[in-house]
Amino acid sequence: MHFPAYHKNKEWRRFFAGLVLGAIIGYSFFIYVHGQLQQKYTEEHIEMTAQLSEWEAKYETLLNNQDQGSKGKPMSVKEISVVFTNAKKLEIDLLTQHQLNALVKDQLVTVSGKDISIVADQVDLIISTIENKNYVVDDFTYELKVTRLIVSETMNLHLEIKLKR
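Now for a description of the structure that goes with this document. As the structure is a prediction and not an experimental result, all values here were calculated from the model.

**Let's talk about the nonpolar core**
Counting 24 residues, the largest nonpolar core has Val104, Leu108, Ile130, Met155, Leu157 and Leu159 as its most contacted members. Among the elements of the structure, strand S1 (79-84), helix H3 (94-107), helix H4 (116-121), helix H5 (123-131), strand S2 (134-137), strand S3 (140-150) and strand S4 (154-164) are those that each provide at least two residues to this core. In contact with methionine 155, not counting residues within four places along its chain, are Val77, Glu79, Ile80, Ser81, Leu108, Val111, Val119, Ile126, Leu149 and Ile150.

Given below as structure tokens:
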């Protein structure tokens, strides 16, 4: 019995080369799509974790204010919003921005739930609290500079990022 020699025929060589090339291209496409989905899920996880910790802090401050009998207060700071003005210019990724955002909100956790007039009187203290601290994220040290601070029910902070060496 004789088996045909497939390696001598050009059509068979092309067929097997096409199989190998198709498998390599398909596997690389699978790896690319999987990486993109994994990155998207990681970003969603980071955002949801940050929101959860923020809501827990708000809940704790609301419980503390309720215990202190602060029913008569006219308006209080309910939320802290942080915007980085030069994040695109410095090409800072979303993960680092979320971590810096969380660090800033941790510094200002005592502000939420307080009366707006009290917070407005302490604007200089809030600015110096943010600007005098070095924020370390992934072995990089960042300094933040407050460019704009708006005190209302939602306290808006516009920060400029500086990379410290």
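**Regarding H3**
Across its 14 residues, H3 extends 20 Å between first and last C-alpha, which sits within 8% of the 20 Å expected from 1.5 Å per residue. What H3 keeps buried is the set Thr96, Gln97, Leu100, Asn101, Val104 and Lys105.

**What about the pairing of S2?**
Residues Tyr135 and Val137 line the buried face of S2, whereas the alternating positions Asn134 and Val136 sit on a face that is not buried. One ladder, built from four bridges, connects S2 with S3; its direction is antiparallel. Residue pairing for S3: tyrosine 135 is matched across the bridge by tyrosine 142. With antiparallel pairing between neighbouring strands as the criterion, S2 and S3 make up a hairpin whose turn holds two residues, including aspartate 138 at a positive phi of roughly 55°.

**What to know about the environment of glycine 35**
Here glycine 35 is to be found in helix H1 (residues 10-67). Since its relative accessible area comes to 34%, glycine 35 is described here as partly exposed. Expressed as a C-alpha distance, the spacing of glycine 35 and leucine 103, which sit 68 residues apart in the sequence, is 28 Å.

**Re the sheet that holds S2**
A sheet is described by the order of its strands in space; here four strands give the open sequence S1-S4-S3-S2, paired in mixed fashion. Of all strands in the sheet, those bounded by a partner on one side alone are S1 and S2. Taken over all neighbouring pairs, the strand axes of this sheet differ in orientation by 40° on average, direction set aside. For S1 and S4, the ladder comprises six bridges, and the chain directions are parallel. Bridge pairing in S4 links glutamate 79 to threonine 154. Along the sheet, H3 makes contact with S1, S2, S3 and S4, crossing S2 at roughly 140°. Relative to the sheet, H5 contacts S2, S3 and S4, its axis offset from that of S3 by approximately 160°.

**Comments concerning the environment of alanine 120**
Of note, alanine 120 is situated in helix H4. On the basis of relative accessible area, alanine 120 is assigned to the partly exposed category, the value being 41%. Distance from alanine 120 to isoleucine 150, taken between C-alpha atoms, is 9.0 Å for residues 30 residues apart in sequence.

**Things to note about the packing of aromatic side chains**
Counted according to the given criterion, the structure contains two aromatic pairs. Ring centres of tyrosine 27 and phenylalanine 30 lie 6.5 Å apart, and the angle between their planes is 35°; this geometry places the pair in the tilted category. Taken together, the residues tyrosine 27 and phenylalanine 30, both in helix H1 and three residues apart, mark about one turn of the helix. Note on tyrosine 27: relative accessible area 56%, which makes it exposed.

**Notes on the pairing of S4**
In this structure, S3 lies alongside S4, joined through nine bridges in antiparallel fashion. In the strand pairing of S4, valine 146 is matched with leucine 159. If you look at the hairpin formed by S3 and S4, you'll find three residues sitting between the two strands.

Analysis parameters
Residues numbered from 1 in each chain as written. Predicted model: local features only at pLDDT ≥ 70, side-chain atom pairs only at ≥ 80, totals over all residues. Heavy atoms only, no water. Core = buried A, V, L, I, M, F, W, Y, C linked by side-chain atoms within 4.5 Å. Buried < 20%, exposed > 50% of the residue type's maximum accessible area, 1.4 Å probe, protein only. Helix = DSSP H or I, 4+ residues; strand = E, 2+ residues; numbered from the N terminus. Contact = heavy atoms within 4.5 Å. Expected span 1.5 Å × (residues − 1). Pairing = 2+ DSSP bridges. Axes fitted to C-alpha atoms, helices over the stretch in contact; angles between N-to-C directions. Phe/Tyr/Trp six-rings, centres within 6.5 Å; stacked < 30°, edge-to-face > 60°.

That's the geometry; what it means functionally is another story.
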